[in-house]
Amino acid sequence: MLLGAAQLAVGAAAIFARFALSGAGPLAVSAARLAIAAIVLLAIAFLGAPASLRVAPRRAAILAAAGVALAVHFATWIASLQYTSVAISTLLVATTPIWTATYDAVILHRPLTRRALAAFAAGALGVYAVVGFNHTAAPIPGHDVAGALLALAGGIAIAAYFILVREVRADLGTRTIVTHTYGWAAVVLIVVAAAFRQPLPPLAAATAWGGIAAMALISQLLGHTAMNASLRWFTPSAVAFSTLLEPVVAAALALVIFGEGVAPIAIAGAVVLLVSIAVVLREEPMTA
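Because the structure is a prediction, the values reported are computed rather than measured. (Residues numbered from 1 in each chain as written. Predicted model: local features only at pLDDT ≥ 70, side-chain atom pairs only at ≥ 80, totals over all residues. Heavy atoms only, no water.)

1. Points about the overall build of the protein
Now for step 1: Check the secondary structure of the protein and you find 13 helices and 0 strands.
Now for step 2: Helices (α) and strands (β) of the protein occur, in sequence order from the N terminus, as α-α-α-α-α-α-α-α-α-α-α-α-α.
Now for step 3: Relative to its length of 288 residues, the protein is compact, with a C-alpha radius of gyration of 18 Å against a globular reference of 19 Å.
Now for step 4: With the principal axes as the frame, the protein shows a C-alpha extent of 50 × 50 × 30 Å.
Now for step 5: Across the 288 residues that make up the protein, the buried fraction comes to 52%. (Helix = DSSP H or I, 4+ residues; strand = E, 2+ residues; numbered from the N terminus. Rg over C-alpha atoms; globule rule 2.2 N^0.38 Å. Buried < 20%, exposed > 50% of the residue type's maximum accessible area, 1.4 Å probe, protein only.)

Have a look at this one:
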């Protein structure tokens, strides 16, 4: 239930990002999103238990690296929404399971079961059915390849984040982990946005700030934090595979908000996808 709720919150991020990009560049939007989330978490920590933020040097280094990976994820994925459709962007960023599973199989020698492999293949077909018939024009047309590559980079970066967080998951609580990683990601994005001269939206840009606030409070603090918490029970591959729900959520919201229709085959694909996720979650070993 926690993991499913997280995917609903995160899946809405693409819609929020489109509104946010109406007033600022992708680096500025990403920096504002992470800064708001980090400030909220830091305030909670200082008002409650400041000592909870103290971690050993090695764990602090891992959390810093995870924060950098998170910054890359948001910068590349949000940028991709300028050059390709919401559906295609969320599809490619959801390739995260490919990279986590590859890492587990090659580096950690944890091959997937046949049933899980079959579920991965079925899930891929389901995602294709959901988004394969979306021909919505991008805000900046003519750069489809760049948009696809940026979204793919976002999927690889969030896979790296999940793998790094797993290294400290057993020793640190969720709030400590996300406070450190969101903080580092915010710092990196603020520096990069300043270097590329991408300012924040003007204060009068209510739509852009509304999108940023929604991403920070709903998609980030609720969605991504719940995904981090779910690593207590599921492996990074299982959590990453569940992100394939994001294109389904994005497509549904696009239908309601932007009037983008969904073909019957897309509905069938969503059913296949949900069943595939259930199979993978059952096949994955539970972590301590």
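2. What about the environment of Pro111?
Now for step 1: In this structure, Pro111 sits in the loop between helix H6 (96–106) and helix H7 (114–131).
Now for step 2: By relative accessible area, Pro111 is classed as exposed at 66%.

3. Considering the nonpolar core
Now for step 1: Ranked by internal contacts, the top residues of the largest apolar core, which has 38 residues, are Leu34, Leu70, Tyr161, Phe162, Ile177, Tyr182 and Val239.
Now for step 2: Secondary structure elements with two or more residues in this core: helix H1 (2–11), helix H3 (26–47), helix H4 (57–80), helix H8 (144–169), helix H9 (174–195), helix H10 (206–230) and helix H11 (236–242).
Now for step 3: In this view, Val239 contacts Leu3, Gln7, Phe162, Met227, Ser230, Leu231 and Phe234; residues no more than four positions away in its chain are not counted.
Now for step 4: Within the second largest apolar cluster, 20 residues are counted, among which are Val29, Ala32, Ala214 and Ala250. (Core = buried A, V, L, I, M, F, W, Y, C linked by side-chain atoms within 4.5 Å. Contact = heavy atoms within 4.5 Å.)

4. Brief notes about the environment of Ile163
Now for step 1: Mapping Ile163 onto the fold places it in helix H8.
Now for step 2: The exposure class of Ile163 is buried, given its relative accessible area of 11%.
Now for step 3: Here the alpha-carbon distance between Ile163 and Val279, two residues 116 residues apart in the chain, equals 21 Å.
Now for step 4: In this view, Ile163 contacts Thr100 and Tyr103; residues no more than four positions away in its chain are not counted.

5. Side note on the pattern of salt bridges
Now for step 1: Within the structure shown, the criterion is met by 2 salt bridges.
Now for step 2: Notably, a salt bridge pairs Asp104 with Arg166, separated by 3.1 Å at the nearest N-O pair. Taken together, the residues Asp104 in helix H6 and Arg166 in helix H8 connect sequence positions 62 residues apart.
Now for step 3: A residue is classified by how much of its surface remains accessible, and Arg166, at 18% relative accessible area, is buried. (Salt bridge = Lys/Arg side-chain N within 4 Å of Asp/Glu carboxyl O.)

6. Thoughts on unusual backbone geometry
Now for step 1: In the Ramachandran plot, His109 falls in the positive-phi region, its phi being about 55 degrees despite a non-glycine side chain.
Now for step 2: Topologically, His109 is positioned in the loop between H6 and H7.
Now for step 3: For His109, a relative accessible area of 64% puts it in the exposed group.
Now for step 4: Phi at Arg197 takes a positive value of approximately 55 degrees, unusual for a residue other than glycine.
Now for step 5: The residue Arg197 is located in the loop between H9 and H10 in this model.
Now for step 6: Residue Arg197 is classed as exposed on the basis of its relative accessible area, which comes to 76%.

7. Here we look at the packing of H4 against H9
Now for step 1: As a packed pair, H4 and H9 sit with axes 7 Å apart at the nearest point and diverge in direction by 55 degrees. By the angle class used here, H4 and H9 are oblique. Crossing geometry of H4 relative to H9 is assigned as right-handed. On the side of H4, the interface is formed by Leu63, Ala64, Ala66, Gly67, Val68, Leu70, Ala71 and Ala75, while H9 contributes Ile177, His180, Thr181, Tyr182, Trp184, Ala185, Val188 and Leu189.
Now for step 2: Residues of the contact of H4 with H9, tallied by class, amount to 13 nonpolar, 3 polar and no charged. (Axes fitted to C-alpha atoms, helices over the stretch in contact; angles between N-to-C directions. Parallel < 35°, antiparallel > 145°, perpendicular 65-115°, else oblique. Left-handed = near helix turned anticlockwise from the far one by under 90°. Nonpolar A, V, L, I, M, F, W, Y, C, P; charged D, E, K, R; others polar.)

8. Some words on the side chain of Ser230
Now for step 1: With respect to the helices and strands, Ser230 occurs in helix H10.
Now for step 2: There is a polar contact of 2.6 Å between the side chain of Ser230 and the backbone oxygen of Met227.
Now for step 3: Look past the residues within four positions of Ser230 in its chain and what remains in contact with it is Leu2, Leu3 and Val239. (Polar contact = N/O pair within 3.5 Å; in protein donor to acceptor, adjacent residues only side chain to side chain.)

9. Describing the confidence of the model for the protein
Detailed reading of the predicted coordinates is not advisable wherever pLDDT is low.
Now for step 1: Within the protein, residue pLDDT values average 85, and 94% of them lie at 70 or more.
Now for step 2: The least confident element of the protein, judged by mean pLDDT, is H11 at 72; the most confident is H4 at 95. (pLDDT = per-residue confidence, 0-100.)

10. Remarks on helix H2 (residues 13–20)
Now for step 1: Of all 8 residues in H2, 7 are buried, a share of seventy percent or more.
Now for step 2: Every buried residue belonging to H2 is among Ala13, Ala14, Ile15, Phe16, Ala17, Arg18 and Ala20, and all of these are buried.
Now for step 3: Along its buried surface, H2 packs onto H1, H3, H4, helix H5 (86–93), H10 and helix H12 (245–258).

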